[in-house]
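Structural description and commentary
Chain by chain, the residues:
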Amino acid sequence: FFPHEKIKMTGNPVRKTLIDMRANRKEAKERMHLDLEKKCVLIVGGSLGARSINEAVMANIELIRENSNIEFIWQTGKLYFEEMEKRVAKANKPKNLIVTDFVSNMADALSAANLVASRAGAGSISEFALIGKAVILVPSPNVSEDHQTKNAMALVEKDAAIYVADAKAKEELVAKAIETVNDDTKIASLEENIEKMGRPNAAEEIAEEVMM
């Protein structure tokens, strides 16, 4: 929409404190009372939650239970917490599944996680890139011009993220998360490639451009 010579790629400004989140997985897992010997998957759909991601977890409770070598942190979102808490209790909640409406210390959760399953908003992707976090992206279909899918594919094309369509999340998300988190080579590749896309100085670049 704009002349090429007027466009400058800066990335999105993100919290500088995110850089510190990369430092020590062991300390983060201890603070969250997680098993140091087990892999960890963080599943989030935003602070309010995402119905399709929540249903993906509910549909795969037994698969989660069977993979006791992995701990799952599931942020349902405030809108869905009571419903999901009742349903997962009725399904005899697996011991390796932590269910919460909101992760208050996302820094520790991200540090502890070997893999994140998330929506594909630009802000979230910017944070994942800055800390070099392996991620499965499930773009929301309920956004203008399907821009979250475009966000996700920009990473997928560089082998910097894994894509699961919202409509297929129920069938594919948890199985793909388990497969990926158990593949150390794939996790290392995703971390390396997404970190290359990080823009840690975005805020400074934008300020400098405005002041010029």
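In case you missed it, the structure is sitting above this.
In short, a report on the structure. (Residues numbered from 1 in each chain as written. Predicted model: local features only at pLDDT ≥ 70, side-chain atom pairs only at ≥ 80, totals over all residues. Heavy atoms only, no water.)

**Quick look at the overall build of the protein chain**
Broken down by element type, the protein chain carries 10 helices and six strands. For the protein chain, whose C-alpha radius of gyration is 17 Å, the value lies close to the compact-globule estimate of 17 Å for 212 residues. In terms of overall dimensions, the protein chain has C-alpha extents of about 60 × 35 × 30 Å along its principal axes. In the protein chain, which comprises 212 residues, the share counted as buried stands at 44%. In the protein chain, 75% of the contacts between residues at least 6 apart in sequence involve partners at least 24 apart. As presented, the protein chain carries roughly 11,500 Å² of accessible surface, and 53% of it is formed by carbon and sulfur atoms. In the protein chain, 29 positive and 33 negative side-chain charges are present, and the distance between their average locations comes to 3 Å. (Helix = DSSP H or I, 4+ residues; strand = E, 2+ residues; numbered from the N terminus. Rg over C-alpha atoms; globule rule 2.2 N^0.38 Å. Buried < 20%, exposed > 50% of the residue type's maximum accessible area, 1.4 Å probe, protein only. Contact = heavy atoms within 4.5 Å. Areas by Shrake-Rupley, 256 points an atom, 1.4 Å probe, with all protein chains shown as cover. Lys, Arg positive; Asp, Glu negative; His and termini not counted. Charge placed at Lys NZ, Arg CZ, Asp CG, Glu CD.)

**A look at the pattern of salt bridges**
All told, the structure shown has 14 salt bridges when counted by the stated rule. Where R87 meets E55, a salt bridge forms, and the shortest distance between an N and an O atom there is 2.9 Å. With R87 in helix α4 (residues 81–90) and E55 in helix α2 (residues 51–58), the pair connects residues that are 32 residues apart, well separated along the chain. Overall, R87 belongs to the partly exposed group, its relative accessible area being 30%. Accessibility expressed as a relative area gives 17% for E55, which makes it buried. For R87, the salt bridge is made with E83, and the minimal N-O distance between the two is 3.0 Å. In this pair, R87 and E83 both sit in helix α4, four residues apart, roughly one turn of the helix. (Salt bridge = Lys/Arg side-chain N within 4 Å of Asp/Glu carboxyl O.)

**A short note on the environment of Y163**
Inspection of the secondary structure assignment puts Y163 in strand β6 (residues 162–163). Residue classification places Y163 among the partly exposed residues on the basis of a relative accessible area of 33%. For the pair Y163 and P200, spaced 37 residues apart in the sequence, the C-alpha separation amounts to 24 Å. Aside from chain neighbours lying at most four places away, what touches Y163 is L137, P139, T149, A152, M153 and V156.

**A short note on the nonpolar core**
If you look at the biggest cluster of nonpolar residues, it comprises 33 residues, and the most contacted ones within it are V41, I43, F72, W74, L97, L115 and L173. Top element by residues in this core is helix α8 (residues 169–181). It accounts for six residues. Beyond its immediate stretch of four places on either side in the chain, W74 contacts I43, N54, V57, M58, M84, V88, L97, I98, V99 and T100. A112, V135, L155 and A160 belong to the second-largest nonpolar core, a separate cluster that totals 24 residues. (Core = buried A, V, L, I, M, F, W, Y, C linked by side-chain atoms within 4.5 Å.)

**Looking at the environment of W74**
Here W74 is to be found in strand β2 (residues 70–75). We classify W74 as buried; its relative accessible area is 0%. Remark: the alpha-carbon pair of W74 and N54, spanning 20 residues in sequence, is separated by 8.4 Å.

**Focus: the side chain of K29**
Along the polypeptide, K29 turns up in helix α1 (residues 25–31). Here K29 is buried and forms no salt bridge, its nearest opposite-charge partner E71 lying at an N-O distance of 5.0 Å. Every residue in contact with K29, bar those within four places of it in the chain, is listed here: L34, D35, L36, K38 and A112.

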